[in-house]
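Residue-level structural notes
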Amino acid sequence: MRLNQLKLNIDTIPFEKSLSFVPLINRLKKEAKKEDFHGNQAKAMLEIVAKNPDLAKKSFAIEDVAKYEPEIHVLMSNFFTASQYEDSMGVVASPFDDQNFYFTPKYRELLNDETKIFELVEQQNQSSCYKTFTMLIYAYSMIFKKFYGFDPDMDYLFLYKMTDQLNGLVSYYKLEFDKTCIDISYEGELPEVTEEQIHQMVNEPMNMDFWLETLPLDKFRFSGFLSFRYIDITQVEVISSLKSQLLEKSSIINSDNFRSLEQNMRSLLALPNMKMGLLALSMTQGGVENRTGFWSGFLDSNQFKCEDYEGTIYEEAGRSGSTILINDLSNKENLSSVEQALLDQGIKNISLVPLQYEGKLIGIMELGSTKSFDINFSKLRIIKDVIPVFSIAVQRSSEELRSRIEVIIKEECTAIHPSVEWRFEQAAANLLMQREIGNAVKMEEIVFPEVYPLYGAIDVRHSSLIRNQTIQEDLVKQLDLARKVLTAAFLVRKMPIYDQLIYKIDFFIEGINKGLSSGDEVNVLHFIRHDVESLFPHFTGIDTALQAAIKEYEKNIDPALNIVYKRRKDFEDSLGMINDCVTTYLEKEQEKAQEMFPHYFEKYRTDGVEHNIYMGQSIAEQKVFDKIFLKNLRLWQLIVSAELARKTEVLKSSLPINLDTTGLILVHSQPLAIQFRQDEKKFDVDGAYNIRYEIVKKRIDKAHIKDTRERLTQPGKLAVIFSQDEEMTEYQRYLEYLVAKGYFEDNIEHLVLEDLQGVYGLRAIRVQVKMGEEPQEILALAKELNRNETS
């Protein structure tokens, strides 16, 4: 029932009403004829009325209630026994005008208690219009019963909630009202209302305007009074709420949802000091295990491992399958480290409830309190109906966590992309079916025919040359530091062997400066370790200058690699920052591209980042492929390549070593087939004809422009390689559009490439990326990448 759908255009009661004790007096007169206890009680009350004739007036003024307070109290004993008067929340009111004239002590106490909020669950802000609505509902229910022989069950229509602001506990109440002392009359001929109309009214309780139109109330008159009692239904409501919460997908994984569950459990047990925890613990022959990773317990799983729970009350509960209740943990002898940690947290009273699913232990519920004897078996009986639902929630959450772990493994360790996951699930299901009937078979081959490939690469310009230069610089630096040590040693002791070693170092430095040859690095490091560093122990304590030279040498040595690794590290860090920037952007843009049309995507790092895309009907399980999607993805690839060139250009200022990047795209218009290689756990092109595509990919990054020595790939430029005129025409269109959009400079080059080994007739379009100011987030990303590389 949603109160924002309430349709009611009046805020006052449309019928006459009056407070009167006459209906009660008439009822007492009937009871007085009986010769029993109730008859005698009725006679005594009628004597009170006889002595106070104002009580028998047809209309009794609410202002006169105070004059007859003792007499009215006696009359109200008809509705509240002595125990009900003391223990329940009740009130008596004149009909439908919200004027209460008699209260039980507990109700009066609630009215005066500012720490408690008492409100309708469905309408926390009780407007006068809504109060009118509630009164009309009750009035109609009485009219239906008396005049139309229909008795709608309205007892549970309105639910009240009482919140204790001091401890957060919530109690729920339904309103039970006694309408036996109400006389209803109608002036004139009673309107005709069919049973169908009444059912329609009851089925639309929020459309009160429809009720008033169907059965107007202006000629009805209500005389007498109504008595109300608020019946505590907290257990019913909270258990229902807990069950509903636990059926939600993230009921115990989400921290906010878990806190809500915990607060509901406190309200259910009326224990404001209670805490709740859930652990996915299981028992094996070897001990205690947590296979799923789900843990929301009292103690931190990083501080206490599963083996710490062995030999504790947790293992006792799990192995016995019975609830453990410790009234006062401080009285337990020989506390384990886990039990002592609970006590250190202030938990004195604890109960451990095993959670089972399909007969197997899947977890343990913790209930703890800072007060001894707070939780007892009477309290635990209250929650017995929700324990199975908690078990289901833990099982479901454990399975969900396992699925997440599998997804992570899939993303990090294999080439199974979400776009083709459905095919692997299909193949696995087929394999299981074959094994079920006893066939010893392997998983079927997974092939996607007729897919269109897209290949792109962002490469670091002259990366091999720069890497060699950094190796040279580090080797020369280490040799120079070693020379200084030996020179200092020679000054102290004029030993010819030291001079011979200095000569050897100079020889190595001269050779390295001319160029690094194969094996030079190995030879130099072998010489330093065996001929130079082996002397260092003999130099201990000889001379201050010599010790300073050794200290300077050791300060520059990487402790993990035992070599000078500064310039090489600068290069690797710079390369890593570029690759991180490229992959981060590619992954983000890929998510958007997948929404356009599903396709297989993979990326891998070299001295740069390369990516492969395959698109076609065989990959799109539930969508219809059209070449417009291929054209769209080709345009997307050009835009992304331009953006990557811009980002890596901005990143240069933050790199330890200034590195340039180049961009390359290979166009291949003929569809091919890809097959998943089980041994390599990756996709590869299938068929001899398609292998040519892989050969072209491997060789084009070194391609030169025909009849020149100029490399096709150049810093700040994007090269698009193709072999067909149709491909050139299509990409010419795209590039003209992107020039107009500001992605590239208006200078499109058409080039012919030199023949490569086994590859002939390739051509290219090359464009200069239009660099502009990049937003601050790119610079922020550069700083973050720099921190990650240096940490």
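Before going into details, it helps to say that this report is about the structure given with it. Please read these numbers as outputs of a predicted model, since none were measured by experiment.

**Notes on the side chain of Q732**
Position of Q732 relative to the elements: it lies in helix α23 (residues 725-740). Given the relative accessible area of 17%, Q732 is considered buried. Of the polar contacts made by the side chain of Q732, one reaches the side chain of H750; its length is 2.9 Å. Contacts of Q732, omitting those with residues within four sequence positions, involve I748, H750 and I765.

**Observations regarding unusual backbone geometry**
Backbone geometry at F373 places phi at a positive 60 degrees, although glycine is not the residue there. Tracing the chain through its elements places F373 in the loop between β16 (360-369) and α13 (377-382). Notably, N562 is not glycine yet its phi reads approximately 60 degrees, a positive angle. When you line up the elements, N562 lands in the loop between α19 (544-555) and α20 (566-596). A relative accessible area of 35% means that N562 is categorised as partly exposed.

**Focus on the sheet that holds strand β8 (residues 220-224)**
If you trace the 3 strands from one edge of the open sheet to the other, you get β1-β8-β7, paired in mixed fashion. Of all the strands in the sheet, the pair left with one neighbour each is β1 (16-19) and β7 (182-186). Averaged over neighbouring strand pairs, the angle between their axes works out to 15 degrees when direction is ignored. By the bridge criterion, 5 bridges tie β7 to β8 in an arrangement that is antiparallel. Following the sheet pairing, Y186 is matched in β8 by F220.

**Regarding the pattern of salt bridges**
Applying the stated rule across the entire model yields 40 salt bridges. Between E262 and R266 there is a salt bridge; the shortest N-O distance is 3.3 Å. With a gap of 4 residues between them, E262 and R266 both fall in helix α10 (residues 255-269), about one helical turn apart. In this pair, the class of E262 matches that of R266, namely buried. D701 is the salt-bridge partner of K702, the closest N and O atoms lying 3.0 Å from each other. You can call D701 partly exposed: its relative accessible area is 23%.

The rules we used
- Residues numbered from 1 in each chain as written.
- Predicted model: local features only at pLDDT ≥ 70, side-chain atom pairs only at ≥ 80, totals over all residues.
- Heavy atoms only, no water.
- Helix = DSSP H or I, 4+ residues; strand = E, 2+ residues; numbered from the N terminus.
- Buried < 20%, exposed > 50% of the residue type's maximum accessible area, 1.4 Å probe, protein only.
- Polar contact = N/O pair within 3.5 Å; in protein donor to acceptor, adjacent residues only side chain to side chain.
- Contact = heavy atoms within 4.5 Å.
- Pairing = 2+ DSSP bridges.
- Axes fitted to C-alpha atoms, helices over the stretch in contact; angles between N-to-C directions.
- Salt bridge = Lys/Arg side-chain N within 4 Å of Asp/Glu carboxyl O.

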